[in-house]
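These are the residues of each chain, in order.
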Amino acid sequence: MIEIAIDGTAGSGKGTLGKNLSIKYGYPHLDTGLMFRTVAYSLLSIKKNDLKNLESLSCEFAKSLSFIAINEKKLRSEETGFMASKIAVFPKLRNILKLKQIEFSNINKKKYGGCILDGRDIGTVILPNADFKFFITASIEIRAKRRLLEKNISCLQEQNVECMLQSIIKDISRRDKVDKSRLISPLVPAKDAFIIDTSMIDPNELMSIVVKVIEGRN
Ligand code: C5P
(Lines give C-alpha, C1' and ligand atoms only; values in the text may rest on other atoms or scores of the structure.)
Protein backbone atom coordinates (compact mmCIF):
# COMPACT_ATOMS: atom_id res chain seq x y z
CA MET A 1 0.00 0.00 0.00
CA ILE A 2 1.52 3.26 -1.17
CA GLU A 3 1.53 6.59 0.64
CA ILE A 4 2.65 9.67 -1.29
CA ALA A 5 3.28 12.82 0.74
CA ILE A 6 3.60 16.19 -0.97
CA ASP A 7 4.48 19.36 0.92
CA GLY A 8 5.45 22.81 -0.20
CA THR A 9 4.80 26.50 -0.41
CA ALA A 10 1.68 28.24 -1.79
CA GLY A 11 1.62 28.31 -5.59
CA SER A 12 4.52 25.87 -5.93
CA GLY A 13 2.50 23.40 -8.04
CA LYS A 14 2.03 20.77 -5.32
CA GLY A 15 -1.78 20.65 -5.73
CA THR A 16 -1.58 20.11 -9.50
CA LEU A 17 1.06 17.45 -8.93
CA GLY A 18 -1.24 15.68 -6.45
CA LYS A 19 -4.14 15.73 -8.95
CA ASN A 20 -1.93 14.48 -11.81
CA LEU A 21 -0.50 11.63 -9.71
CA SER A 22 -4.02 10.68 -8.64
CA ILE A 23 -5.11 10.42 -12.30
CA LYS A 24 -2.01 8.40 -13.25
CA TYR A 25 -2.02 5.90 -10.37
CA GLY A 26 -5.70 5.88 -9.36
CA TYR A 27 -4.96 6.71 -5.71
CA PRO A 28 -7.33 9.30 -4.21
CA HIS A 29 -5.79 12.71 -3.53
CA LEU A 30 -6.53 14.97 -0.55
CA ASP A 31 -5.60 18.65 -0.68
CA THR A 32 -5.33 19.22 3.08
CA GLY A 33 -5.07 22.99 2.58
CA LEU A 34 -8.73 22.88 1.55
CA MET A 35 -9.62 21.52 5.01
CA PHE A 36 -7.94 24.48 6.71
CA ARG A 37 -9.54 26.80 4.15
CA THR A 38 -13.02 25.34 4.74
CA VAL A 39 -12.75 26.03 8.47
CA ALA A 40 -11.35 29.52 7.75
CA TYR A 41 -14.19 30.24 5.32
CA SER A 42 -16.78 29.27 7.94
CA LEU A 43 -15.11 31.61 10.43
CA LEU A 44 -15.06 34.47 7.93
CA SER A 45 -18.76 33.97 7.27
CA ILE A 46 -19.72 34.79 10.84
CA LYS A 47 -19.80 38.26 12.39
CA LYS A 48 -16.44 39.77 13.41
CA ASN A 49 -17.63 40.12 17.05
CA ASP A 50 -18.04 36.38 17.26
CA LEU A 51 -14.41 35.76 16.35
CA LYS A 52 -13.16 36.23 19.92
CA ASN A 53 -12.47 32.61 20.55
CA LEU A 54 -11.02 31.58 17.24
CA GLU A 55 -9.50 28.34 18.52
CA SER A 56 -12.64 26.76 19.99
CA LEU A 57 -14.81 27.98 17.09
CA SER A 58 -12.38 26.59 14.53
CA CYS A 59 -12.40 23.23 16.36
CA GLU A 60 -16.20 23.14 16.28
CA PHE A 61 -16.24 23.77 12.53
CA ALA A 62 -13.46 21.23 11.96
CA LYS A 63 -15.32 18.46 13.83
CA SER A 64 -18.30 18.72 11.49
CA LEU A 65 -16.17 19.03 8.35
CA SER A 66 -16.82 16.42 5.70
CA PHE A 67 -14.77 15.77 2.57
CA ILE A 68 -17.92 15.88 0.42
CA ALA A 69 -18.77 19.39 1.61
CA ILE A 70 -15.51 20.91 0.37
CA ASN A 71 -16.28 23.26 -2.52
CA GLU A 72 -12.97 24.34 -3.99
CA LYS A 73 -13.85 27.51 -5.93
CA LYS A 74 -15.29 29.46 -3.02
CA LEU A 75 -12.28 28.79 -0.84
CA ARG A 76 -9.41 29.94 -3.03
CA SER A 77 -9.26 33.66 -2.08
CA GLU A 78 -6.12 34.99 -0.38
CA GLU A 79 -8.33 36.31 2.46
CA THR A 80 -9.41 32.72 3.18
CA GLY A 81 -5.82 31.49 2.74
CA PHE A 82 -4.53 33.98 5.28
CA MET A 83 -7.26 33.12 7.80
CA ALA A 84 -6.35 29.44 7.22
CA SER A 85 -2.70 30.14 8.11
CA LYS A 86 -3.81 32.17 11.15
CA ILE A 87 -5.82 29.27 12.59
CA ALA A 88 -3.30 26.60 11.46
CA VAL A 89 -1.20 27.45 14.54
CA PHE A 90 -3.82 25.96 16.91
CA PRO A 91 -2.69 22.50 18.16
CA LYS A 92 -6.25 21.28 18.91
CA LEU A 93 -7.47 22.21 15.44
CA ARG A 94 -4.46 20.56 13.80
CA ASN A 95 -5.13 17.43 15.81
CA ILE A 96 -8.78 17.18 14.69
CA LEU A 97 -7.76 17.62 11.05
CA LYS A 98 -4.83 15.23 11.47
CA LEU A 99 -7.20 12.43 12.53
CA LYS A 100 -9.40 13.10 9.50
CA GLN A 101 -6.35 13.08 7.20
CA ILE A 102 -5.13 9.78 8.65
CA GLU A 103 -8.64 8.33 8.30
CA PHE A 104 -8.65 9.39 4.61
CA SER A 105 -5.27 7.74 4.16
CA ASN A 106 -6.28 4.45 5.82
CA ILE A 107 -9.61 4.13 4.01
CA ASN A 108 -8.07 4.78 0.60
CA LYS A 109 -5.03 2.58 1.08
CA LYS A 110 -7.38 -0.31 1.83
CA LYS A 111 -9.80 0.51 -0.97
CA TYR A 112 -7.47 1.65 -3.75
CA GLY A 113 -4.01 0.50 -2.63
CA GLY A 114 -2.69 4.00 -2.07
CA CYS A 115 -3.30 7.63 -1.20
CA ILE A 116 -1.80 11.02 -2.02
CA LEU A 117 -1.94 13.90 0.45
CA ASP A 118 -0.61 17.40 -0.08
CA GLY A 119 -0.12 20.17 2.46
CA ARG A 120 2.54 21.59 4.76
CA ASP A 121 3.28 18.80 7.27
CA ILE A 122 2.34 15.62 5.42
CA GLY A 123 5.85 14.13 5.23
CA THR A 124 6.87 15.35 8.69
CA VAL A 125 3.75 14.76 10.84
CA ILE A 126 0.78 13.14 9.06
CA LEU A 127 2.52 10.38 7.08
CA PRO A 128 6.05 10.22 8.56
CA ASN A 129 6.57 6.74 7.03
CA ALA A 130 5.29 7.64 3.56
CA ASP A 131 6.83 5.65 0.72
CA PHE A 132 7.53 8.83 -1.23
CA LYS A 133 7.94 12.36 0.07
CA PHE A 134 8.21 15.41 -2.14
CA PHE A 135 8.80 19.00 -1.12
CA ILE A 136 7.86 21.42 -3.90
CA THR A 137 8.89 25.05 -4.02
CA ALA A 138 9.55 27.93 -6.45
CA SER A 139 10.63 31.56 -6.32
CA ILE A 140 8.12 34.00 -4.83
CA GLU A 141 7.85 35.94 -8.15
CA ILE A 142 6.98 32.81 -10.14
CA ARG A 143 4.45 31.64 -7.55
CA ALA A 144 2.77 35.06 -7.55
CA LYS A 145 2.64 35.08 -11.38
CA ARG A 146 0.93 31.68 -11.32
CA ARG A 147 -1.68 32.99 -8.87
CA LEU A 148 -2.19 36.06 -11.05
CA LEU A 149 -2.79 33.91 -14.15
CA GLU A 150 -5.53 32.05 -12.26
CA LYS A 151 -7.44 35.35 -12.05
CA ASN A 152 -9.22 36.99 -14.99
CA ILE A 153 -6.85 39.88 -15.71
CA SER A 154 -7.43 40.38 -19.45
CA CYS A 155 -9.42 43.59 -18.87
CA LEU A 156 -6.76 45.25 -16.71
CA GLN A 157 -4.16 47.84 -17.78
CA GLU A 158 -0.48 46.91 -17.48
CA GLN A 159 0.00 49.24 -14.51
CA ASN A 160 -2.85 47.57 -12.62
CA VAL A 161 -1.52 44.10 -13.42
CA GLU A 162 1.87 45.08 -11.91
CA CYS A 163 0.11 46.50 -8.85
CA MET A 164 -1.89 43.27 -8.45
CA LEU A 165 1.29 41.19 -8.80
CA GLN A 166 3.01 43.17 -6.04
CA SER A 167 0.00 42.71 -3.79
CA ILE A 168 -0.01 38.92 -4.39
CA ILE A 169 3.76 38.78 -3.65
CA LYS A 170 3.06 40.56 -0.34
CA ASP A 171 0.19 38.21 0.57
CA ILE A 172 2.08 35.01 -0.26
CA SER A 173 5.23 36.17 1.58
CA ARG A 174 3.16 36.97 4.66
CA ARG A 175 1.56 33.51 4.58
CA ASP A 176 4.91 31.74 3.96
CA LYS A 177 6.34 33.53 6.98
CA VAL A 178 3.49 32.42 9.27
CA ASP A 179 3.66 28.83 7.95
CA LYS A 180 7.44 28.53 8.32
CA SER A 181 7.74 30.16 11.72
CA ARG A 182 4.93 28.51 13.69
CA LEU A 183 6.00 26.25 16.55
CA ILE A 184 3.72 23.34 15.71
CA SER A 185 4.03 21.55 12.34
CA PRO A 186 5.99 24.31 10.60
CA LEU A 187 6.51 24.21 6.86
CA VAL A 188 9.87 22.42 6.55
CA PRO A 189 10.96 19.62 4.23
CA ALA A 190 11.07 16.14 5.80
CA LYS A 191 14.68 14.91 6.09
CA ASP A 192 13.98 12.17 3.52
CA ALA A 193 11.99 14.32 1.06
CA PHE A 194 12.94 14.94 -2.57
CA ILE A 195 13.12 18.71 -2.87
CA ILE A 196 12.07 20.04 -6.26
CA ASP A 197 12.19 23.69 -7.38
CA THR A 198 9.55 24.33 -10.05
CA SER A 199 10.60 27.91 -10.89
CA MET A 200 11.92 26.85 -14.30
CA ILE A 201 9.72 23.83 -15.07
CA ASP A 202 6.06 23.32 -15.97
CA PRO A 203 3.58 20.84 -14.40
CA ASN A 204 4.33 18.18 -17.04
CA GLU A 205 8.07 18.35 -16.37
CA LEU A 206 7.45 18.21 -12.63
CA MET A 207 5.22 15.18 -13.15
CA SER A 208 7.85 13.36 -15.19
CA ILE A 209 10.55 13.99 -12.53
CA VAL A 210 8.26 12.67 -9.80
CA VAL A 211 7.13 9.64 -11.81
CA LYS A 212 10.79 8.74 -12.45
CA VAL A 213 11.44 8.85 -8.70
CA ILE A 214 8.36 6.73 -7.93
CA GLU A 215 9.12 4.17 -10.59
CA GLY A 216 12.77 3.96 -9.57
CA ARG A 217 14.12 5.35 -12.78
CA ASN A 218 15.96 8.31 -11.19
O1 C5P B 1 -2.31 24.80 0.60
P2 C5P B 1 -3.16 26.02 0.87
O3 C5P B 1 -2.53 27.28 0.38
O4 C5P B 1 -4.55 25.87 0.38
O5 C5P B 1 -3.24 26.09 2.48
C6 C5P B 1 -3.82 27.18 3.15
C7 C5P B 1 -3.17 27.33 4.50
O8 C5P B 1 -3.55 26.22 5.34
C9 C5P B 1 -1.65 27.32 4.50
O10 C5P B 1 -1.08 28.61 4.29
C11 C5P B 1 -1.31 26.76 5.88
O12 C5P B 1 -1.27 27.77 6.85
C13 C5P B 1 -2.49 25.85 6.20
N14 C5P B 1 -2.14 24.43 6.03
C15 C5P B 1 -1.43 23.81 7.04
N16 C5P B 1 -1.16 22.47 6.97
C17 C5P B 1 -1.55 21.76 5.91
C18 C5P B 1 -2.25 22.39 4.85
C19 C5P B 1 -2.51 23.74 4.93
O20 C5P B 1 -1.04 24.45 8.01
N21 C5P B 1 -1.30 20.44 5.89
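Note that residues are indexed from 1 along each chain, following the sequence as it is written. The model is predicted, so local features are restricted to residues of pLDDT at least 70 and side-chain atom pairs to those at 80 or more, both for listing and for counting; the totals for chains, interfaces and linings are taken over all residues. Processing note: side-chain calculations cover all non-hydrogen atoms of the structure and skip hydrogens and water entirely.

Draft legend 1. How the structure looks around the site of the ligand. Definition of nearness: a residue and a molecule or strand are near each other if at least one heavy atom of the residue lies within 4 Å of the molecule or strand. Every one of the 16 residues lining the ligand counts as a neighbour, but Arg-37, Arg-94, Arg-120, Arg-175 and Asp-179 are closest to it. Here a polar contact is recorded for every N or O atom pair within 3.5 Å, except that within protein the pair must consist of a potential hydrogen donor and a potential acceptor, and residues adjacent in sequence are included only if both atoms are side-chain atoms. Asp-179 has a polar side-chain atom sitting 2.5 Å from an oxygen atom of the ligand. Within the contact set of the ligand, an oxygen atom lies 2.9 Å away from a side-chain nitrogen or oxygen of Arg-182. For every accessible area listed, the method is Shrake-Rupley and the probe measures 1.4 Å; residues are considered covered only by the protein chains on display. Calculation on the ligand without its partners gives an accessible area of 460 Å², and the protein chains cover 99% of this total. Helix and strand assignments come from DSSP, with helices taken as H or I runs of at least 4 residues and strands as E runs of at least 2, each series counted from the N terminus. At the level of elements, helix H2 (32-44), helix H5 (78-87) and helix H9 (158-181) are the ones that each hand at least two residues to the shell around the ligand. When residues of the shell around the ligand are assigned to their parent elements, the largest contribution, 4 residues, is made by H2.

Draft legend 2. Layout of unusual backbone geometry. We note that Ser-185 has phi near 50 degrees; this positive angle belongs to a residue other than glycine. Among the secondary structure elements, Ser-185 is positioned in the loop between H9 and strand S5 (194-197).

Draft legend 3. Structural context of helix H8 (residues 140-150). A simple rule labels every residue: compare its accessible area, found with a 1.4 Å probe on the protein chains alone, to the largest value its type can have, and call it buried under 20%, exposed over 50%, or partly exposed in between. Burial in H8 covers these residues: Ile-140, Arg-143, Ala-144 and Leu-148. The buried residues of H8 occupy one face: seen down the axis, they fall within an arc of 140 degrees. In H8, those exposed residues whose orientation departs by more than 90 degrees from the buried face are Leu-149 and Glu-150. Throughout, a residue-residue contact means that at least one pair of heavy atoms, one from each residue, lies within 4.5 Å. Packing partners of the buried residues in H8 comprise H9. Each direction from the helix axis to a C-beta atom contributes to the arc, which is the arc of those directions.

Draft legend 4. Representation of the pattern of salt bridges. Definition used for salt bridges: Asp or Glu carboxyl oxygen within 4 Å of a side-chain nitrogen of Lys or Arg. Summed over all chains, the structure comprises 9 salt bridges. Close ionic contact of Asp-179 with Arg-120 constitutes a salt bridge, the shortest N to O distance being 3.3 Å. Of this pair, Asp-179 sits in helix H9 while Arg-120 sits in the loop between strand S3 (114-119) and helix H7 (122-126), and the two are 59 residues apart along the sequence. The two residues Asp-179 and Arg-120 agree in class, both being buried. Between Lys-133 and Asp-192 there is a salt bridge, with the nearest N and O atoms lying 3.1 Å from each other. Of this pair, Lys-133 sits in strand S4 (residues 132-137) while Asp-192 is found in the loop between H9 and S5, placing the two residues 59 residues apart along the sequence. Overall, the relative accessible area of 47% leaves Asp-192 in the partly exposed class.

Draft legend 5. Region of the structure containing the packing of H2 against helix H3 (residues 54-63). Inter-axis angles, ranging from 0 to 180 degrees, are taken between N-to-C directions of lines fitted to C-alpha atoms, where helices are fitted over the stretch in contact. At a minimum axis distance of 9 Å, the contact between H2 and H3 shows a crossing angle of 120 degrees. With respect to their mutual orientation, H2 and H3 come out oblique. Note that H2 runs across H3; the crossing there is right-handed. Across the interface between the two elements, Val-39, Ser-42 and Leu-43 from H2 touch Leu-54, Leu-57, Ser-58, Phe-61 and Ala-62 from H3. Each residue gets one label: Ala, Val, Leu, Ile, Met, Phe, Trp, Tyr, Cys and Pro are nonpolar, Asp, Glu, Lys and Arg are charged, and the others, such as Gly, are polar. Partitioning the contact of H2 with H3 into residue classes produces 6 nonpolar, 2 polar and no charged. Relative orientations are named as follows: roughly parallel for angles under 35 degrees, roughly antiparallel for angles over 145 degrees, roughly perpendicular for angles from 65 to 115 degrees, and oblique for any other angle. Crossing chirality is assigned from the near helix's rotation relative to the far helix, an anticlockwise turn below a right angle marking it left-handed and a clockwise turn marking it right-handed.

Draft legend 6. Looking closely at the nonpolar core. If you look at the biggest cluster of nonpolar residues, it comprises 27 residues, and the most contacted ones within it are Val-39, Leu-43, Ile-87, Leu-93, Leu-97 and Leu-117. Those elements giving two or more residues to this core turn out to be H2, H3, H5, helix H6 (91-112), S3 and H7. Top element by residues in this core is H2. It accounts for 5 residues. Beyond its immediate chain neighbours, meaning those up to four positions away, Val-39 contacts Ser-58, Phe-61, Ala-62, Leu-65, Ile-87 and Leu-93. By size, the runner-up hydrophobic cluster in this structure holds 16 residues, among which are Ile-136, Met-207, Val-211 and Val-213. For our purposes a nonpolar core is just a set of buried Ala, Val, Leu, Ile, Met, Phe, Trp, Tyr and Cys residues, chained together by side-chain atoms within 4.5 Å.

Draft legend 7. Up close: the sheet that holds strand S1 (residues 2-8). Pairs of strands are assigned from DSSP output, requiring at least two bridges between the strands. Within the open sheet, the 5 strands sit side by side as S2-S3-S1-S4-S5. Their pairing is parallel. If you trace the sheet from one side to the other, it starts and ends with strand S2 (29-31) and S5, each paired once. Direction aside, the axes of adjacent strands within the sheet are offset by 20 degrees on average. Examined bridge by bridge, S1 and S4 share 5 bridges and lie parallel to one another. Bridge assignment links Asp-7 to a residue of S4, and that residue is Phe-135. Strands in contact with helix H1 (residues 14-25) are S1, S2, S3 and S4; relative to S1, the strand with the most contacts, it is inclined by about 160 degrees. On top of the sheet, H2 reaches S2 and S3; it is set at about 40 degrees to S2, its chief contact.

Keep in mind these values describe shape, not function.
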